[in-house]
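Each chain, written out:
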Amino acid sequence: MAVRPGVAGADGAATAPPSASSADSSASAPATAAAVDETVETRGIEPVPDHERRGRVRELFPTWVAANISVLLLTMGAGLVVFNGLNFFQVLLAAAIAGSVSFGLVGLLSVSGKWGGAPGAMLSRATFGVRGNYFPGMILWVARFGWETINAVTGAYAVLTVLRLLFGVESSTPLIVVTLLVFVGVTFLVSGMGRKVLNICNTWSTYLFGIFTVLVLAYLVTTIEWSEVFSRPAGGTAMFIAGIGTIAAGGISWIPTGPDFARYLPHSAQGRKIFGTTLSGALLVLVPMVLMGGVMSFKDPALAKTNDPVSFLGEALPGWLAVPYLLIALIGMVLINSLSMYSAGFTAQTMGVKLPRASAVSINAVISLVGGLLLMLVAKSFYGSFISFLSLLAVSFSAWVGVYAVDMLRRRHKTVRYDAAGLLDTSRTSRYWYVGGFCWQAMTAWGVALLLGLAFTKCEWFAGPLVDTWIGENGLGWAATVLLAAVLFAVLPAPREKEPQAAA
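Residues numbered from 1 in each chain as written. Predicted model: local features only at pLDDT ≥ 70, side-chain atom pairs only at ≥ 80, totals over all residues. Heavy atoms only, no water.

Novice: Tell me what's going on with the overall build of the protein, and back it up with residues and numbers.
Specialist: Within the protein, the secondary structure is distributed over 18 helices and zero strands. Residue burial in the protein is summarised as follows: out of 504 residues, 61% are buried. Across the protein, the fraction of contacts at a sequence separation of at least 24, relative to all contacts at a separation of at least 6, is 85%. Roughly 18,600 Å² of accessible area belongs to the protein as shown, and the carbon and sulfur atoms make up 69% of that amount. (Helix = DSSP H or I, 4+ residues; strand = E, 2+ residues; numbered from the N terminus. Buried < 20%, exposed > 50% of the residue type's maximum accessible area, 1.4 Å probe, protein only. Contact = heavy atoms within 4.5 Å. Areas by Shrake-Rupley, 256 points an atom, 1.4 Å probe, with all protein chains shown as cover.)

Novice: Any details on the pattern of salt bridges? Residues and values, ideally.
Specialist: Summed over the entire model, instances satisfying the criterion amount to eight salt bridges. Here Glu59 ties to Arg195 by a salt bridge, and the two come within 2.7 Å at their closest N and O atoms. Highlighted residues: Glu59 in the segment before α1 (60-66) and Arg195 in helix α7 (residues 195-223), separated in sequence by 136 residues. The exposure class assigned to Glu59 is partly exposed, which follows from its relative accessible area of 25%. Lys414 is the partner of Glu497 in a salt bridge, and the nearest nitrogen-oxygen pair spans 3.4 Å. Of the two residues, Glu497 sits in the segment after α18 (477-491) while Lys414 sits in the loop between α14 (382-411) and α15 (420-424), which places them 83 residues apart along the sequence. According to the relative accessible area criterion, Glu497 is buried, its value standing at 14%. (Salt bridge = Lys/Arg side-chain N within 4 Å of Asp/Glu carboxyl O.)

Novice: Explain unusual backbone geometry to me, and be specific about the residues and the numbers.
Specialist: Phi is positive for Tyr434, which is not a glycine, with a value near 55°. Assessed through its relative accessible area of 16%, Tyr434 is described here as buried.

Novice: Requested: an account of the packing of helix α2 (residues 72-82) against helix α10 (residues 271-299), with residues and values cited.
Specialist: At a closest axis distance of 7 Å, the pairing of α2 and α10 adopts a crossing angle of 50°. One finds that α2 runs oblique with respect to α10. As for the relative orientation of α2 and α10, their crossing is right-handed in sense. Across the interface between the two elements, Leu73, Leu74, Gly77, Ala78, Leu80, Val81 and Val82 from α2 touch Leu286, Met289, Val290, Met292, Gly293, Gly294, Ser297 and Phe298 from α10. (Axes fitted to C-alpha atoms, helices over the stretch in contact; angles between N-to-C directions. Parallel < 35°, antiparallel > 145°, perpendicular 65-115°, else oblique. Left-handed = near helix turned anticlockwise from the far one by under 90°.)

Novice: Quick rundown of the side chain of Asp419? Include the residues and the values.
Specialist: Checked against the element boundaries, Asp419 lands in the loop between α14 and α15. A polar atom in the side chain of Asp419 sits 3.2 Å from the backbone nitrogen of Ala421. (Polar contact = N/O pair within 3.5 Å; in protein donor to acceptor, adjacent residues only side chain to side chain.)

Novice: Can you explain the environment of Ala405? Please cite residues and give values.
Specialist: Locating Ala405 in the fold gives a position in helix α14. The exposure class assigned to Ala405 is partly exposed, which follows from its relative accessible area of 22%. Through-space distance from the C-alpha of Ala405 to that of Val482 is 9.3 Å; in sequence the pair is 77 residues apart.

Novice: Lay out the packing of helix α5 (residues 134-167) against helix α16 (residues 440-455) in plain terms, naming residues and giving numbers.
Specialist: One way to put it is that α5 packs onto α16 with a least axis distance of 10 Å and a crossing angle of 40°. Judged by the angle between their axes, α5 and α16 are oblique. Contacts from Phe135, Pro136 and Ile139 of α5 reach α16 at Met443, Trp446 and Leu450. Classifying every residue of the contact of α5 with α16 by side-chain character gives six nonpolar, no polar and no charged. (Nonpolar A, V, L, I, M, F, W, Y, C, P; charged D, E, K, R; others polar.)

Novice: Break down the nonpolar core for me, with residues and values.
Specialist: A general trend in soluble globular proteins is that nonpolar side chains are found buried together. Core analysis: the largest hydrophobic core is formed by 142 residues, its most contacted members being Trp64, Trp254 and Tyr325. Of all hydrophobic cores here, the second largest spans seven residues; its members include Phe145, Ala348, Val353 and Ala360. (Core = buried A, V, L, I, M, F, W, Y, C linked by side-chain atoms within 4.5 Å.)

Novice: Any details on the confidence of the model for the protein? Residues and values, ideally.
Specialist: Across the protein, the average pLDDT comes to 85, with 89% of residues at or above 70. Summarising per-element confidence for the protein, the mean pLDDT is lowest in helix α11 (residues 309-316) (73) and highest in helix α3 (residues 88-116) (97). Across residues 1-37 the pLDDT falls below 50, and counting only partners more than four positions away or on other chains, this stretch makes 103 contacts in the model. (pLDDT = per-residue confidence, 0-100.)

Novice: I'd love a proper account of a nonpolar patch on the surface, names of residues and values included.
Specialist: Nonpolar side chains collect at one region of the surface, where Val177, Val366, Val370, Leu374, Leu377 and Val378 lie side by side and expose about 510 Å² of accessible area between them. With respect to the helices, strands and loops of the structure, Leu377 is situated in helix α13 (residues 357-377). Leu377 sits in the partly exposed class, given a relative accessible area of 42%. (Patch = residues over 30% accessible without salt bridge, like charges linked within 9 Å, V, L, I, M, F, W, Y side chains within 5 Å.)

Novice: Can you explain α16? Please cite residues and give values.
Specialist: Between its first and last C-alpha atoms α16 spans 22 Å; for 16 residues at 1.5 Å apiece the expected length is 22 Å, and the two agree. Within the sequence span of α16, burial applies to Gln441, Ala442, Met443, Ala445, Trp446, Gly447, Ala449, Leu450, Gly453 and Ala455. (Expected span 1.5 Å × (residues − 1).)

Novice: Residue-level account of the side chain of Thr347, with values.
Specialist: Mapping Thr347 onto the fold places it in helix α12 (residues 319-350). Residues contacting Thr347, with those up to four places away along its chain left out, are Ala121, Gly137 and Trp141.

Novice: A description of the environment of Leu321 should follow, citing residues and the corresponding values.
Specialist: Tracing the backbone through its elements, the reader meets Leu321 in helix α12. Its relative accessible area of 0% is what places Leu321 among the buried residues. The spacing of Leu321 and Leu215 is 106 residues in sequence and 7.8 Å in space, taken between C-alpha atoms. Beyond its immediate sequence surroundings of up to four residues, Leu321 is in contact with Phe212, Leu215, Val216 and Tyr219.

Here it is as structure tokens:
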């Protein structure tokens, strides 16, 4: 089969950008202005050409370490003990299983970023169709608003706690507004700079956070009554399984963005190394953080219930350790939100926002600022709001994951894995036009799985009609959603793409 210019080859490489007449006008900049070595990344959703693919697999390690530097994992670990009734070993096992499942999927689906050289939101056009992709894309985009809002609130709480510990400044409404504005502003700046700046920040935060996490662990080892910790009876199986789902929800939210950070990898990068590096980076932080939160809750269960989870750390740890640890954690939370907003810029462009990636990020920044103010000044229960959001987030992302994973498996042995011109072309000539711009097989599997997953879900905001079933009671709505979406898409007739025209 002849391959025309701008079409992905055997490994999904884009040999040249498509013509301007067929390209999506939301692409942020020409390839010549988006060199990977530039301090400010200007490349948007257009696939990365071969000559710019100078990334290294090892860069994924600090990326996924930084993506898990969040005190919210401490709160979630405490919740496993206080609300789920789990003991030390169950918390450890739940964290390990949840992290392995969720970030294992992140690693597996990240390989598609190497194949197509494009963000996950863009590659998803090949799965759902250039028009069909708007529907799951919109839900993923809205869900990311919520995730960024939660992280922004946690970061603002960290700033307020440090101000109180260092200068005795107490929280007030004007100060809340200012700290949240500063946090979101810094996040917007870092995410707008792009890949190179994020890699540098992620690497240094990995070292710093690792050092202070070891110090916190040493402090806990010497101050916790371990006889009380180990004497706690085991919790029930249902609560253990539900706990796995709670922890896994955070990792699941990163799956659609995994390809975003692998798209600069050369075609020679090995898939198993992408998987292993992603998984090990995430587990290195996720498991100790969840376990630390569980152990701290044995001493003071308030960690699982506080509206301000960060101030709890300021009281639970001595000042010489609390202040630097919170400062490092604050940097981590900036990076988490920056990584999320970085990907959100691609999603915005894929949804038709006619702005460069860095400017498209501003939409998420404004929404997270407004949502953060509501959560900090109006919401009565931070933990309840957080867990409710995680439950709905997991289901909304899981439907996409199941369909995308099957589509990715089908592309493993294709001569053309992802057609660069077809991804950017939103007209009827696109390779991924399918039927009226929709891949009805993918849309059907996604829609049915999403509705059923919500039917199994229960939280403070919502209760589906099937929550009293075994799946609902064990909090496995997200798992059922992934499996149903994958099975439905696999058994439906395989979609047929348009064949690229041979070069003259």
